[in-house]
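Listed here are the chains, written in short residue letters.
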Amino acid sequence: MISANNVTLRLGKRALFEDVNIKFTEGNCYGLIGANGAGKSTFLKILSGELEPTNGEVIMNDGERLSVLQQDHFKYDQYMVLDTVIMGNKRLYDIMKEKDAIYAKEDFTDEDGIRASELEAEFAEMDGWNAESDAATLLNGLGVDTDIHYKMMSELDGNLKVKVLLAQALFGNPDVLLLDEPTNHLDLDAIAWLEEFLINFENTVIVVSHDRYFLNKVCTHIADIDYAKIQLYAGNYDFWYESSQLMIKQMKELQDFISRFSANASKSKQATSRKRALEKIQLDDIQPSSRKYPYIDFRPKREIGNEVLTVSNISKTIDGVKVLDNISFTVGHDDKIAFVGPNTIATTTLFRILAGEEEPDEGSYKWGVTTSQGYFPKDNTKEFDNDLVIADWLAQYSDDKDATYVRGFLGRMLFAGEDGVKKVKVLSGGEKVRCLLSKLMIMGSNVLILDEPTNHLDMESITALNNGLIKFPGVCLFACQDHQFVQTTANRIMELTNTGLIDKQTTYDEYLANDELARKRQVMNMASDDQD
């Protein structure tokens, strides 16, 4: 158990948290959510003791141990992998090292013998004799092969380091476990193993993640940061999202009803009862979320025909490496194709060719005469390398140059009126992505080519984009690292591998369930602008 009592954190004049009171109890997994900048990672730092609050305190039961997923991938470079994991339980690791130092002495004294005896007793009480095998089990579960366990951390690549640091956090059955983006850089087999571990974990877990699929699998509760407070809800992320949307709808319907009928004598009694219901909701301090969801609606200006796209024997070499080798496929008018797998360079190259940004070395492609393409590049630097303000930048892509019409599309993506005069080159990563989505909406293309469109977006924008693509009546070719996004949007899966193109008319989950090697190839790399 861990609790925050009257915790306040002020950053200058701004209160990031104000008198937060919350208790996290054993046997539960809490998903800590909030808009970008709400303070999710900051709150984890307060709970761990890394950051002191302005007021209030964090309380844990006596004798309980807290474990944190370390974010510094170079912190343990001078240590062996197995030792790094065991260091997750600092006291146990210290005992092991002190014992080793005593037994290595040439002039072993009586005092050393007494001290060694004390350490051995504590070591046995902490199940120290199984420490190495327990650490190895965690590493193997996450897909770190045994021959790597005795290597130095400095020899490992970034993805393996993440797995070792995750094993370190899980080691030794901590009483409270704090995990900040634990699925980042993990392959899907490792994520599935972690999900199973957390589902069966009997102590307290608090996790921050942009991975909605993961939150739905493991969370028993959602802790929502809003209005500088943290509100606790039972259920997983989807349950929280649906209930919060219902709450907004219910509040609006009640308020509309009262406004329409309060002056009508025949309805006054009914309106009064509705008003009491509204007041009761407010008295209970149940507030709809303050965060706003963009309105993303892609409406093609022209209906798409049966002939959409034919790709014939395309090959491309970059810097002496053949990234595309004799790739061929045909796209139908109902296809929403997700390009998955670790070979992101190949996917980006193919998308650039299909968007007319590059030429293939060999082969060809042909778009149908009824198609119009809207392209979302992974690297958008070139799009914003100019002195235009947002409104003028977007107007370039609109047939209707009316300022009010153009600003309407910016408003959908939560740009306030004054934002229209901001220069595009000074925008944040998330703001640039929202601009590009405004561009795709205003263009009205019936084919969308999207290369990692969820990067730099918060969960609200990801959800809105996800829903927008599900409703989109055109064709979509996209690459995305969000499992739920791919599963709910795609009806066809393609993967560019070293041995050629895999093409399956199926959902993402079915694709993974039927191909063990495919699961090992998928690596989730969620990127966001979350400045906590």
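Residues numbered from 1 in each chain as written. Predicted model: local features only at pLDDT ≥ 70, side-chain atom pairs only at ≥ 80, totals over all residues. Heavy atoms only, no water.

Novice: So what's going on with the layout of surface pockets? Residues and values would help.
Specialist: The space that makes up the second largest pocket amounts to roughly 500 Å³. Lining the second largest pocket are 27 residues, with Ala 35, Asn 36, Arg 291, Asp 458 and Glu 460 sitting closest to its centre. Listed by contribution, the elements that provide at least two residues to the lining of the second largest pocket are strand S2 (14-24), strand S9 (221-226), helix H14 (429-443) and helix H15 (459-471). In the lining of the second largest pocket, the residues fall into eleven nonpolar, six polar and ten charged. (1 Å grid on protein atoms, 1.4 Å probe; cavity = no way out; pocket = protein on both sides within 12 Å on 5 of 7 lines; lining within 4 Å. Points joined across faces, edges and corners; volume = space filled by probe spheres on them. Helix = DSSP H or I, 4+ residues; strand = E, 2+ residues; numbered from the N terminus. Nonpolar A, V, L, I, M, F, W, Y, C, P; charged D, E, K, R; others polar.)

Novice: Explain helix H6 (residues 158-170) to me, using residue names and the numbers behind them.
Specialist: Since the α-helix advances by 3.6 residues per turn, residues separated by three or four positions end up pointing in the same direction. A rise of 1.5 Å per residue sets the reference length of H6, with its 13 residues, at 18 Å; its end C-alpha atoms lie 19 Å apart and thus fit the reference within 8%. Counting buried positions over the 13 residues of H6 gives eleven, a clear majority of the element. Every buried residue of H6 is listed here: Leu 160, Lys 161, Val 162, Lys 163, Val 164, Leu 165, Leu 166, Ala 167, Gln 168, Ala 169 and Leu 170. Its buried side turned inward, H6 meets strand S5 (66-68), helix H2 (81-86), helix H5 (131-141), strand S6 (176-180), strand S7 (186-187) and helix H7 (188-200). Backbone nitrogen of Asn 159 and a side-chain oxygen of the N-cap are separated by 3.2 Å at the start of H6; the cap is Asp 157. Phi for Gly 172, located one or two positions after H6, is positive at around 80°. (Expected span 1.5 Å × (residues − 1). Buried < 20%, exposed > 50% of the residue type's maximum accessible area, 1.4 Å probe, protein only. Contact = heavy atoms within 4.5 Å. Polar contact = N/O pair within 3.5 Å; in protein donor to acceptor, adjacent residues only side chain to side chain.)

Novice: I'd like to hear about the side chain of Asp 419, residue by residue, with values.
Specialist: Checked against the element boundaries, Asp 419 lands in the loop between helix H13 (403-412) and H14. Although Asp 419 is buried, it makes no salt bridge; Lys 422 carries the closest opposite charge, 4.5 Å away. Once residues within four sequence positions are removed from consideration, Asp 419 is found in contact with Ile 390 and Leu 414. (Lys, Arg positive; Asp, Glu negative; His and termini not counted. Salt bridge = Lys/Arg side-chain N within 4 Å of Asp/Glu carboxyl O.)

Novice: Break down the nonpolar core for me, citing the residues and quoting the values.
Specialist: Counting residues in hydrophobic clusters, the biggest one holds 100 residues, and the most contacted among them are Leu 179, Phe 298, Leu 437, Phe 478 and Val 486. Looking at which element gives the most residues to this core, the answer is H6, with eight residues. Apart from the residues lying within four places of it in its own chain, the contact partners of Phe 298 are Leu 437, Leu 440, Met 441, Leu 448, Leu 465, Gly 468, Leu 469, Phe 472 and Pro 473. In terms of nonpolar packing, the next biggest core, distinct from the first, is built from 26 residues, Ile 304, Phe 329, Ile 337 and Ile 353 among them. (Core = buried A, V, L, I, M, F, W, Y, C linked by side-chain atoms within 4.5 Å.)

Novice: An account of the sheet that holds strand S18 (residues 492-497) is needed here, citing residue identities and associated values.
Specialist: The six strands are arranged S15-S16-S17-S13-S18-S19 in an open sheet whose pairing can be described as mixed. What marks the edges here is a single partner per strand, and that holds for strand S15 (373-376) and strand S19 (500-504). Neighbour to neighbour, the strand axes of the sheet diverge by 15° on average, direction disregarded. In this sheet, S18 lies alongside strand S13 (residues 336-340) in parallel orientation, the contact comprising four bridges. Bridge pairing in S18 places Val 340 opposite Glu 495. Strands S15 and strand S16 (447-451) of the sheet are contacted by H14, whose axis makes an angle of about 180° with S15. (Pairing = 2+ DSSP bridges. Axes fitted to C-alpha atoms, helices over the stretch in contact; angles between N-to-C directions.)

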